Amino acid sequence: MPFTIKGIGTRYYGKRNVRKEMGTCQNCRKFVQLENYDIGLYFVILYIPIIPLGRRQITDKCFYCLHHRVMPLAKWRDLKSSAIETSLQALVNDMHNPARAFEYLFTLTRFNEMDDARELAATIEAQYPDNADAHYVLAGWHMSTGMSKEVKRLFQRAFELNPDNPDYRRTQAMMLVEQGRLDEARELVRCLEPPAEGFQPEEFVALGEAFQKQGNHVAATEMFRIAKTDPTVCQDKKFLKMSKRSEKRAAQYAPRDFTLPRGGFPQQASGSIRSFTQ
Ligand SMILES: [Zn+2]
């Protein structure tokens, strides 16, 4: 790590080839934006770069805790050539295996060869037009690289190709939630309710929250009730507060038990009921 004392020491200057992606930080475990780039390391006097000490490759710098890995750029380039060559050879040897194509795609992405990666992503889609898994993984790849334009279309295609897959179904439901199409999303997740094997509370929490924002507290309460089937959800104070809010509001709309006033109906009212029933 570079350091300076009274302006003398080492510092980084000249960030280049920046690539950002969403991922999980190895240090703080948060799902955040991770930055990759190369940068020059310099010996500095009064913070002025005097002697270049070579370029470094910074990988997976966490937006939240700033944790990252660093290595000399030359070493990183050697690694890159070797990794790309290995993945490409594996693909050439097994051209009709989508797993090999995705390995190559992720290697290109990892080493910032984004033009080649984008071209390969388009080729994979064209080569496997009816492969739901391929579309789902491609959607995730587009999402992680920040190219959100294609994400919705690819997730939707994966769901159309295999609507029985719980992951594709819940992802499609969340896309609908994002578009405010809550009733359609509700229908999609109906078959994921407990005791369904694919049940996960997250989509019901998200759907409940969306219903709550629309002021539909009855539907929100139902979603929260389903989510609570997973006891871990009830440990989240924010969730419990949100759920209580809708429960309270929903109770105001619930039909109340009808009880006779003490002493029966007033004469006039009971008379009118009699005349109605006769
Ligand atoms: Zn972090």
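Residues numbered from 1 in each chain as written. Predicted model: local features only at pLDDT ≥ 70, side-chain atom pairs only at ≥ 80, totals over all residues. Heavy atoms only, no water.

Things to note about the environment of G14
Thought 1: Take G14: it is sitting in strand β2 (residues 8-24).
Thought 2: With 116 residues separating them along the chain, G14 and D130 place their C-alpha atoms 45 Å apart.
Thought 3: Contacts of G14, omitting those with residues within four sequence positions, involve D38, I39, G40 and R55. (Helix = DSSP H or I, 4+ residues; strand = E, 2+ residues; numbered from the N terminus. Contact = heavy atoms within 4.5 Å.)

Some thoughts on the coordination of the zinc ion
Thought 1: Around the zinc ion, the protein contributes the donor atoms C25 (SG), C28 (SG), C62 (SG) and C65 (SG), which lie 2.3 Å from the metal centre.
Thought 2: Between the 4 donor atoms coordinating the zinc ion, the angles at the centre fall across 104 to 118 degrees, so the site counts as tetrahedral.
Thought 3: Positions of the donor residues of the zinc ion, expressed as sequence spacing, correspond to C-x2-C-x33-C-x2-C. Pair noted here: C28 is in the loop between β2 and β3 (31-45) and C65 is in the loop between β4 (48-62) and β5 (69-72), with a separation of 37 residues, a long-range link. (Donors = N, O, S within 2.8 Å, 3.2 Å for Na, K, Ca; no water. Tetrahedral: all angles 85-135°; square planar, octahedral: opposite > 155°, others 65-115°.)

Overview of the nonpolar core
Thought 1: Among the nonpolar cores identified, the biggest contains 27 residues, and F204, L207, F211 and F239 are the most heavily contacted of them.
Thought 2: Looking at this core, the element that brings in the most residues is helix α9 (residues 217-227), giving 6 residues.
Thought 3: For F211, the contacting residues outside a window of four places in its chain are L182, D183, R186, N216, A219, A220 and M223.
Thought 4: L73, F102, L120 and L138 belong to the second-largest nonpolar core, a separate cluster that totals 24 residues. (Core = buried A, V, L, I, M, F, W, Y, C linked by side-chain atoms within 4.5 Å. Buried < 20%, exposed > 50% of the residue type's maximum accessible area, 1.4 Å probe, protein only.)

Here's the deal with the layout of surface pockets
Thought 1: Of the volumes computed, that of the largest pocket is approximately 230 Å³.
Thought 2: Forming the boundary of the largest pocket are P201, E202, V205, E209, V233, D236, K238, F239 and M242.
Thought 3: Mapped by element, the contributors of at least two residues to the lining of the largest pocket are α8 (201-213) and α10 (237-253).
Thought 4: Examining the composition of the lining of the largest pocket, we find that 4 residues originate from one element, α8, more than from any other. (1 Å grid on protein atoms, 1.4 Å probe; cavity = no way out; pocket = protein on both sides within 12 Å on 5 of 7 lines; lining within 4 Å. Points joined across faces, edges and corners; volume = space filled by probe spheres on them.)

Overview of the confidence of the model for the protein chain
Thought 1: Taken as a whole, the protein chain shows an average pLDDT of 89; of its residues, 91% reach a score of 70 or greater.
Thought 2: Predicted confidence for residues 264-278 stays below pLDDT 50, and this span has 5 contacts to residues more than four positions away or in other chains. (pLDDT = per-residue confidence, 0-100.)

Description of the side chain of S87
Thought 1: By the secondary structure assignment, S87 is in helix α1 (residues 73-93).
Thought 2: When neighbours within four sequence positions are excluded, S87 is seen to be in contact with E103, Y104 and T107.

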